[in-house]
Number of protein chains: 2
Amino acid sequence: MMADGHHDFERVELLSGATLPRARLAFATCGTLNARRDNAILFPTWFSSTHHKNAWLIGPGKALDPSRHFIVCVDLLGNGLSSSPSNTAAPFDGPRFPAVHILDNVRLQRRLLAERFGIDLLQLVVGRSMGAQTAFQWAASFPSQVGRMFALCGSARTTPHNYAFIDSIKAALQADCRWNGGNYDSSPLAGLRAVGRAYAAWAMSPEYYRSGLHLREADTLDAYLERRWADNFIHSDANDLLAMMRTWQTADIGADPQFGGDWQRALAAIACPAIVMPSRTDQYFPPEDSAQAVAGMPRAELRILDSIWGHRAGSPGSDPADIAAVEAAIAELVDSPPTR
Amino acid sequence: MMADGHHDFERVELLSGATLPRARLAFATCGTLNARRDNAILFPTWFSSTHHKNAWLIGPGKALDPSRHFIVCVDLLGNGLSSSPSNTAAPFDGPRFPAVHILDNVRLQRRLLAERFGIDLLQLVVGRSMGAQTAFQWAASFPSQVGRMFALCGSARTTPHNYAFIDSIKAALQADCRWNGGNYDSSPLAGLRAVGRAYAAWAMSPEYYRSGLHLREADTLDAYLERRWADNFIHSDANDLLAMMRTWQTADIGADPQFGGDWQRALAAIACPAIVMPSRTDQYFPPEDSAQAVAGMPRAELRILDSIWGHRAGSPGSDPADIAAVEAAIAELVDSPPTR
């Protein structure tokens, strides 16, 4: 269904001041760009994910419909397909890969759209989790190029509590001696498994477990933790995960120099219609933080997903009712009258 | 203020079926047992804590007043003072220490009270976190010996979500190669530090961080995580922590054979007046679970601590208003008319 591609850049200066001599964005497209080049939807990936996992909202009759939209699923830096510690040449390989900000992703994505497709207006930018953080950054930094924004289970900036959570999974991964400061000979599997187990309790809510939904996926709690979660990250490169965690920890739309670090100014710059959809039971992107962001956005609606699936609400394989609510919200946005 | 002591037992059969040839409970007392031996209050410790940390509720004019009460602070098995992997002789030393249930603690505590002090009726059993789990077990298993029960930030059984959290900190600790299956030559410090960092995000609530309270303890978030939390467990023995995690994971008042695994039957057996006080923002002992327990207890009151301090609400060094609410609840219970 999707056409995979990649786009290369040279001398990419990052927000940190570091310069990557070469960088690549991997992506996949779906649908056809119309003659006016105004039916493009950008759909960035989330933490440790790839564009393959974006398929759940894409298809004929779905919220993102290739018969109407030109959908560009773009891989975040650090995910192993776009430039990452694991695929970058020395001297920026492995633990020497520079710090990447969400804004660095957005700037390269913008160049990708312009250079590769001649797109300078997005009908919609849509993302989940770190992808939602990317959508927020797009809408704040390039408001004249974003027609609508949809953010699922994400935030306009990483909160201190969320930061502390990420800090803890970094520590768990790095506790594995095989990690060796990022210069590992073989993958630090015990650390990667500890990250997976941490996700089991963080991603799924107390209510999810209280309802016994985990027992739909395994016979026992131990089996659920082991089979569903422990191996979740073992095929990932540890430095790639750490690079993305760093990006996640520093996410803040106010970090764009035009806002001088002022988060409220950045929120106020988001001119487009937007729906911000947190999950009621998300333990690290809780709805209270979304409410704060929406309060500062001129044309945003807070629409809380009343789900017990925690951070996974609305994601692939979760409750179909939640996914339907996500699709309905996106459809509503996309079909709303043009606003500029 | 406290008089330390210890009491030894021989041939202790555990709920698991294993027998410890010798076991010890460490404890401290405060105040004087009256002639009728009916002014005793039992105050067990919590995870990785010792009786020294129980002092915050004890003192003249405080909820637990040595001028009126005989307060016995007893150390949980596995805490390094009572029998633990780190202080037990072969063949039950280190990772070979047997599984200990909360009920095993209660049974030994009961013998301690009887054999050492001739106490067979507790005016009150009071505990926080795993100490609260111990209080629940006391009140369910020995209802004729417990006059009142107070449980702060604990539960009558460990929920699957709480279990998953503990599972994740076990995995983080064990990811450290120095752990070596529990046969370590030097302490697995990276793993212990990862446990500390996990606690930073789990113990303190999103609201705590959102309010910026962490910046009262350090200049920056990183400094807070590093100084307040990362070293929190580095002086603990890893096998001791793992033994207590196992006790915590298996906590369930219904595990007493007299209840045949029936949690509701065990709750119904709690005949005494009780106040169950969860913290509104506790992420792993959430108030919803306390409400479920209270619904099954004949004479219990659910009194939610409206705190942003998460699991630390009411604990030593937390918000004085929360501690005052804890003290008020205990005082109310203690001063309530005798009920038998």
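Residues numbered from 1 in each chain as written. Chains lettered and ligands numbered in written order. Predicted model: local features only at pLDDT ≥ 70, side-chain atom pairs only at ≥ 80, totals over all residues. Heavy atoms only, no water.

Asks: Explain the overall build of chain A here, please?
Replies: Along the backbone of chain A there are 10 helices and eight strands. In terms of overall dimensions, chain A is globule-like: its C-alpha atoms have a radius of gyration of 19 Å, near the 20 Å expected for 340 residues. A principal-axis box enclosing the C-alpha atoms of chain A has dimensions of 55 × 50 × 40 Å. In chain A, which comprises 340 residues, the share counted as buried stands at 61%. (Helix = DSSP H or I, 4+ residues; strand = E, 2+ residues; numbered from the N terminus. Rg over C-alpha atoms; globule rule 2.2 N^0.38 Å. Buried < 20%, exposed > 50% of the residue type's maximum accessible area, 1.4 Å probe, protein only.)

Asks: When you look at the pairing of strand β7 (residues 274-277) of chain B in this model, what are you seeing that I'm missing?
Replies: A regular strand places its side chains on the two faces of the sheet in alternate fashion. All names here are of chain B. Here β7 shows no split at all, with A274 and V276 on one side and I275 and M277 on the other all buried. Note: strand β6 (residues 149-152) against β7, four bridges, orientation parallel. The partner of F150 across the bridge, within β7, is I275. Looking at chain direction, β7 and strand β8 (residues 300-302) are connected through three bridges and run parallel. Bridge pairing in β8 links A274 to A300. The parallel pair β7 and β8, bridged by helix α9 (residues 287-295), forms a crossover whose chirality is right-handed. (Pairing = 2+ DSSP bridges. Right-handed = clockwise from strand over helix to strand, strands pointing away.)

Asks: Please clarify how the relation of the copies chain B and chain A should be interpreted in this entry.
Replies: Each of the two chain copies goes to the other by way of a rotation about an axis and a shift along it. You can overlay chain B on chain A at an RMSD of 0.0 Å; the transform is a turn of 180° with a shift of 0.0 Å along its axis. What the rotation and shift describe, once combined, is the action of a two-fold rotation axis. A shared interface surface links the copies, since 100% of the contact residues of chain B are contact residues in chain A too. (Least-squares fit on C-alpha atoms with pLDDT ≥ 70 in both. Contact = heavy atoms within 4.5 Å.)

Asks: Teacher, can you tell me more about empty space enclosed by the protein here?
Replies: Gaps left between atoms show up when a probe the size of a water molecule is rolled over them. By the definition in use, this model includes five cavities of 30 Å³ or more. Of the volumes computed, that of the largest cavity is approximately 70 Å³. In terms of lining residues, the largest cavity is bounded by A:S168, A:I169, A:A172, A:A198, A:W202, B:S168, B:I169, B:A172, B:A194, B:A198 and B:W202. Mapped by element, the contributors of at least two residues to the lining of the largest cavity are α3 (160-174) and α4 (189-203) of chain A together with α3 (160-174) and α4 (189-203) of chain B. Residues belonging to the lining of the largest cavity are distributed by class as follows: nine nonpolar, two polar and no charged. (1 Å grid on protein atoms, 1.4 Å probe; cavity = no way out; pocket = protein on both sides within 12 Å on 5 of 7 lines; lining within 4 Å. Points joined across faces, edges and corners; volume = space filled by probe spheres on them. Nonpolar A, V, L, I, M, F, W, Y, C, P; charged D, E, K, R; others polar.)

Asks: What is the right way to read the interface of chain B and chain A from this model?
Replies: For interface size, the figure often reported is the accessible area lost on association. Chain B puts 34 residues into the contact, and the matching count from chain A is 34 residues. When chain B packs against chain A, the two sides together hide about 2,700 Å² of surface, and 67% of this comes from carbon and sulfur. Seen at the junction of chain B and chain A, the total is four salt bridges. Among the ionic pairs, A:R210 bridges to B:D289, the shortest N-O distance being 2.7 Å. There are 10 residue pairs in polar contact (both at pLDDT 80 or more) connecting chain B and chain A. Taken together, the elements giving at least two residues each to the side of chain B that touches chain A come down to α3, α4, α5 (206-210), α6 (221-230) and α9 of chain B. The element contributing the most residues to the side of chain B that touches chain A is α3(B), with nine residues. In terms of residue class, the side of chain B that touches chain A is built from 19 nonpolar, seven polar and eight charged. (Buried area = accessible area lost by both parts, 1.4 Å probe. Salt bridge = Lys/Arg side-chain N within 4 Å of Asp/Glu carboxyl O. Polar contact = N/O pair within 3.5 Å; in protein donor to acceptor, adjacent residues only side chain to side chain.)

Asks: Please clarify how the UniProt feature "domain: AB hydrolase-1" (unreviewed entry) in chain A should be interpreted in this entry.
Replies: According to UniProt, the "domain: AB hydrolase-1" (unreviewed entry) feature falls on residues 61-302 of chain A. Annotation note: span residues 61-302 of chain A, helix share 41%, strand share 9%, distance between end C-alpha atoms 25 Å. (UniProt positions renumbered as here; feature names shortened; annotations may be inferred.)

Asks: Help me understand the nonpolar core, please; the structure alone is not making it clear to me.
Replies: Most often, soluble globular proteins keep nonpolar side chains buried together rather than apart. In this structure, A:M149, A:F150, A:Y199, B:M149, B:F150 and B:Y199 are the most contacted members of the largest nonpolar core, which totals 234 residues. With near-sequence residues (within four places) excluded, A:M149 lies in contact with A:L124, A:V125, A:A135, A:F136, A:A139, A:C272, A:P273, A:A274, A:I275, A:V276, A:M297 and A:L333. (Core = buried A, V, L, I, M, F, W, Y, C linked by side-chain atoms within 4.5 Å.)

Asks: Before we go on, may I ask you to explain the UniProt feature "active site" (unreviewed entry) in chain A in this structure?
Replies: Residues and elements named next belong to chain A. Look at the UniProt record and you will see "active site" (unreviewed entry) annotated at S129, D282 and H311. Judged by maximum C-alpha separation, these annotated positions cover 183 residues in sequence but sit close together in space, the widest gap being only 10.6 Å. Along the polypeptide, D282 turns up in the loop between β7 (274-277) and α9 (287-295). Excluding residues that lie within four positions of it along the chain, D282 makes contacts with C153, G310 and H311. Mapped onto the elements of the fold, H311 is located in the loop between β8 (300-302) and α10 (320-335). Not counting residues within four places of it along the chain, the set of residues in contact with H311 comprises R128, S129, C153, A203, D282, Y284 and F285.

Asks: For this particular structure, what's the right way to read the packing of α3(A) against α6(B)?
Replies: Helices that pack against each other are described as a pair by the angle of their axes relative to one another and the distance between those axes. Close contact between α3(A) and α6(B) brings their axes to 11 Å; oriented N to C, the two are set at 50°. Comparing the axis directions of α3(A) and α6(B) gives the class oblique. In this structure, the crossing between α3(A) and α6(B) has a hand that is right-handed. Between α3(A), through A:P160, A:Y163, A:A164 and A:D167, and α6(B), the contact on the second element is made entirely by B:L221, B:D222 and B:L225. Taken together, the residues of the contact of α3(A) with α6(B) break down into five nonpolar, no polar and two charged. (Axes fitted to C-alpha atoms, helices over the stretch in contact; angles between N-to-C directions. Parallel < 35°, antiparallel > 145°, perpendicular 65-115°, else oblique. Left-handed = near helix turned anticlockwise from the far one by under 90°.)

Asks: Mind showing me how you'd approach the sheet that holds strand β1 (residues 3-13) of chain A here?
Replies: All names here are of chain A. Pairing in this open sheet of eight strands is mixed, and the strands run β1-β2-β4-β3-β5-β6-β7-β8 from one edge to the other. Edge positions in the sheet fall to β1 and β8, since each has one partner strand and no second. For this sheet, the mean angle separating the axes of adjacent strands, direction not counted, is 20°. When strand β3 (residues 40-44) meets strand β4 (residues 70-74), the two strands line up parallel, connected through five bridges. If you follow A40 over to β4, its bridge partner there is F70. Against the sheet, helix α1 (residues 102-117) contacts β1, β2 (19-30), β3 and β4, and its axis sits at roughly 120° relative to β1. Against the sheet, α9 makes contact with β7 and β8, and its axis sits at roughly 155° relative to β8, the strand it touches most.

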